[in-house]
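# Overview (structure and organization)
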Amino acid sequence: MRTLIRNGTVVNATGRLTADVLVDGETIAAVAAPGLFTEADNIIDATGKYVIPGGIDAHTHMEMPFGGTSSNDTFATGTTAAAWGGTTTIIDFAVQARGTSLLSTLDKWHAKAGGHCAIDYAFHMIISEVDDNSLKEMAPCIDAGVNSFKMFMAYPGVFYSTDGEILRAMQQATETGSMIMMHAENGIAIDQLVAQALAAGYGDPVHHGLTRPPELEGEATSRAIQLAKVTRAPLYIVHLSARHALAAVAEARNAGQNVFAETCPQYLYLSIEDMARPDFEGAKFVASPPLRPKDHQADLWRGLRTNDLSVVSTDHCPFCFKDQKELGRGDFSKIPNGMPGVEHRMDLLHQGVVAGEISLERWVEISSTTPARMFGLHGRKGTVAPGADADIVVYDPAAKQTISALTHHMNVDYSAYEGMEITGKVDTVLSRGSVVIADGAFHGREGHGQFLKRDLSQYLI
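Throughout what follows, the structure given in this document is the object of discussion. (Residues numbered from 1 in each chain as written. Predicted model: local features only at pLDDT ≥ 70, side-chain atom pairs only at ≥ 80, totals over all residues. Heavy atoms only, no water.)

## Examining the overall build of the protein
- Scanning the protein from N- to C-terminus turns up 13 helices and 19 strands.
- Relative to the compact-globule value of 23 Å for 461 residues, the protein shows a C-alpha radius of gyration of 21 Å, a close match.
- Seen along its three principal axes, the alpha-carbon backbone of the protein occupies a region of about 70 × 50 × 40 Å.
- Expressed as a percentage of its 461 residues, the buried residues of the protein come to 62%.
- Taking as baseline every contact in the protein between residues at least 6 positions apart, the subset at least 24 positions apart corresponds to 76%.
- Roughly 16,100 Å² of accessible area belongs to the protein as shown, and the carbon and sulfur atoms make up 50% of that amount.
- Computed over 37 positive and 54 negative side-chain charges, the separation of the two mean positions in the protein equals 2 Å. (Helix = DSSP H or I, 4+ residues; strand = E, 2+ residues; numbered from the N terminus. Rg over C-alpha atoms; globule rule 2.2 N^0.38 Å. Buried < 20%, exposed > 50% of the residue type's maximum accessible area, 1.4 Å probe, protein only. Contact = heavy atoms within 4.5 Å. Areas by Shrake-Rupley, 256 points an atom, 1.4 Å probe, with all protein chains shown as cover. Lys, Arg positive; Asp, Glu negative; His and termini not counted. Charge placed at Lys NZ, Arg CZ, Asp CG, Glu CD.)

Dropping the structure here:
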């Protein structure tokens, strides 16, 4: 099957050009001058549109157990929603339960995802219990294509690791060339603030944010960076939300340390004011780290321009407002932490282009190319170039749309961006050469997505 995408503007992280793209089977055969190729089994007219590499969301949580419930998107529904939004690869998190092994955890997540994903997928590993067995299993995980390991400085008693445990895991990462990912919030101090707030009768959702102040994200980020410096381990800060944490990352990067960070659309567009919405509506916006005051947003956009923030992922972890978020009525600490977003990341970042916050090329870089390089997928993913997988999005920059739970495809009963009017919309999506979105309809299938064994990071300084 040969597909020809004609008359579009091909946009890669390195620049843009008017060109046609020829797809042969599952890969890109050529990026050529317009009109050079004239025949194909399927011809897509991209006049007036961008032709970009499919998005890579490097931080999702499908079917993730949390707080007595589970995130509501399955691998089937979540990857279908991702495709609607121009994302053609997700990297999800396999979650080690205490008392279990990393390899059995990986088997469990393969069973969840295998045969169900509409787009390609890979895994990170969450280490919940640092012991000799877990540390030994990091190497066989890498052999299995999972070479990034997430740890938590938050959630004592659930995911939390001590500084000593983090240091041991970082030493192992240095030996194996793998990447440590860090949820950087001071969970010990936060738990005290949460207990004090609840004891004083403050149970509304906004107190989730007030008891997780940005200073404690900054402190934990600085501490993780120092541990990485001592062990010489690469460090990737997930879902960075606060200028305090960004300053610590920028300082480390300026010193030449292998420290990287991602942020998420919710931190660029939403704020703690959303958690203060009346009638428990604020629960829809409870995630960790929490939404910050609006004045942090300008710092985060600046960080994206300077590459102190290298990636934008979603931390997609959808819990329905009814029956799931409502578990925390009267006690914010029982609200499941997480927000939906996998379907809207590309569109929301395009608003940064429209607003002049980032360039067109930078849009592609932070949403596709850098995630591919950061997590060992570059060459296959993240670029429109001969030999790469034909994960391609034809994007209409002039189309108008309004985000709403009534029209999204995520398996959740609300949208964090309800009523937001945006410019730009996905027109056509190819996943390894197969059209999965076209003409306002889903043409993919459950099970089309393949598991991606990842190489080591191709982004180290």
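Don't stop here, the text continues.
## Details of the side chain of Asn186
- Within the fold, Asn186 resides in the loop between strand E12 (179-183) and helix H5 (187-199).
- The exposure class of Asn186 is buried, given its relative accessible area of 16%.
- Those residues in contact with Asn186, other than ones at most four positions away along the chain, are Met153, Leu216, Glu219, Ala220 and Arg223.

## Concerning unusual backbone geometry
- In this chain, Ser288 is followed by Pro289 through a cis amide linkage whose omega measures -5°.
- Its place among the elements puts Pro289 in the loop between helix H10 (272-275) and helix H11 (297-306).
- In this model, Asn7 sits at a positive phi of 70°, which is unusual for a non-glycine residue.
- Looking at the element boundaries, Asn7 is found in strand E1 (residues 2-12).
- Among the residues examined, Asn7 registers a relative accessible area of 36% and is labelled partly exposed.
- Backbone geometry places Asp315, a non-glycine residue, at a positive phi of 55°.
- Inspection of the secondary structure puts Asp315 in the loop between strand E15 (311-312) and helix H12 (345-354).
- Here Asp315 falls in the buried class, since its relative accessible area comes to 9%.

## Some remarks on the packing of aromatic side chains
- Taken as a whole and judged by the stated rule, the model has 15 aromatic pairs.
- Seen from their ring centres, Phe66 and Tyr155 are 5.7 Å apart, and the 75° between their planes marks the pair as edge-to-face. Here Phe66, found in strand E7 (residues 65-66), pairs with Tyr155, found in the loop between strand E11 (148-152) and helix H4 (163-176); they are 89 residues apart in sequence, far enough to count as distant.
- Judged by relative accessible area, Phe66 falls into the buried class, the value being 16%. (Phe/Tyr/Trp six-rings, centres within 6.5 Å; stacked < 30°, edge-to-face > 60°.)

## Side note on the sheet that holds strand E10 (residues 120-126)
- The strand order across the open sheet formed by eight strands is E6-E9-E10-E11-E12-E13-E14-E15, and the pairing between neighbours is parallel. With partners counted over all chains shown, the strands left at the sheet margins are strand E6 (55-60) and E15, one partner each.
- As paired strands, strand E9 (residues 87-95) and E10 are joined by seven bridges and run parallel to one another. Among the inter-strand pairings, Ala94 is bridged to a residue of E10, identified as Met125.
- Sitting on the sheet, H12 touches E6, E9 and E15, and the angle it makes with E6 is about 110°. (Pairing = 2+ DSSP bridges. Axes fitted to C-alpha atoms, helices over the stretch in contact; angles between N-to-C directions.)

## Quick notes on the pairing of strand E18 (residues 434-438)
- The sheet contact formed by strand E17 (residues 421-431) and E18 spans three bridges and is antiparallel. Residue pairing for E18: Val429 is matched across the bridge by Ile437.
- Taking the residues between adjacent antiparallel strands as the criterion, E17 and E18 are bridged by two residues, where Arg432 takes a positive phi near 45°.
- Alignment of E18 against strand E19 (residues 441-442), held across two bridges, turns out to be antiparallel. Note on E19: the bridge partner recorded for Ile437 is Phe442.

## Structural notes on the nonpolar core
- Membership of the largest hydrophobic core comes to 130 residues, with the highest contact counts inside it found for Ile180, Met182, Leu235 and Trp363.
- The next biggest cluster of nonpolar side chains, apart from the first, holds 15 residues, and it includes Val23, Ala46, Val384 and Leu430. (Core = buried A, V, L, I, M, F, W, Y, C linked by side-chain atoms within 4.5 Å.)

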